[in-house]
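# Structural features, examined
Listed below are the residues making up each chain.
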Amino acid sequence: MVSKKQQKQQDSMNSRIKLVMKSGKAILGFKQCLKALRKSKAKMILIASNAPPLRKSELEYMAMLGRTQVHHYSGDNTALGIACGKLFNCSVLSILDAGDSDILTSTKE
């Protein structure tokens, strides 16, 4: 059972992701995310909870080298795809420009 606080945080993150997709620039997918990390264009990456561990560690390593924020999305890849407004699964989301959203400042850990 999910607590109300966790549900509220996930809803808040989903609304921020929707705002990024509408007003900012974002890339979906593992390969595209790696390219953006190599070029230092990504400002933040979101990784779904059920992403394969090897891919997760590779993305975290590349993000650490590029000093990019990493956020582990609490939902699975289906929930992340739906939060992006797509009708398919997405295990990695890379944010290039936040637009009107405050996602980059609100998720600092």
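### Focus: the pattern of salt bridges
Oppositely charged side chains can form a pair if their charged atoms are brought close together. Here the structure, examined in full by the defined rule, presents 1 salt bridge. The closest approach of N and O atoms between arginine 16 and aspartate 102, which form a salt bridge, is 3.1 Å. Placement of arginine 16 in helix 1 (residues 4-23) and of aspartate 102 in the loop between strand 4 (92-97) and helix 5 (103-106) is noted, with a sequence separation of 86 residues between them.

### Details of the environment of leucine 59
Secondary-structure assignment places leucine 59 in helix 3 (residues 53-65). Taking relative accessible area as the criterion, leucine 59 reaches 0% and is therefore assigned buried. Each C-alpha atom of the pair leucine 59 and valine 70 lies 8.7 Å from the other, and the pair is 11 residues apart in sequence. In this view, leucine 59 contacts Phe30, Cys33, Leu34, Leu37, Ile45, Ile47 and Val92; residues no more than four positions away in its chain are not counted.

### A word on the layout of surface pockets
Its volume calculated, the largest pocket comes out at about 180 Å³. Residue lining of the largest pocket: Gln6, Gln9, Gln10, Ser12, Met13, Arg16, His71, Tyr73, Ser74 and Thr107, and that is the complete set. Sorting elements by how many residues they give to the lining of the largest pocket places helix 1 first, with 6 residues. For the lining of the largest pocket, the class distribution of residues is 2 nonpolar, 7 polar and 1 charged.

Cut-offs applied
Residues numbered from 1 in each chain as written. Predicted model: local features only at pLDDT ≥ 70, side-chain atom pairs only at ≥ 80, totals over all residues. Heavy atoms only, no water. Salt bridge = Lys/Arg side-chain N within 4 Å of Asp/Glu carboxyl O. Helix = DSSP H or I, 4+ residues; strand = E, 2+ residues; numbered from the N terminus. Buried < 20%, exposed > 50% of the residue type's maximum accessible area, 1.4 Å probe, protein only. Contact = heavy atoms within 4.5 Å. 1 Å grid on protein atoms, 1.4 Å probe; cavity = no way out; pocket = protein on both sides within 12 Å on 5 of 7 lines; lining within 4 Å. Points joined across faces, edges and corners; volume = space filled by probe spheres on them. Nonpolar A, V, L, I, M, F, W, Y, C, P; charged D, E, K, R; others polar.

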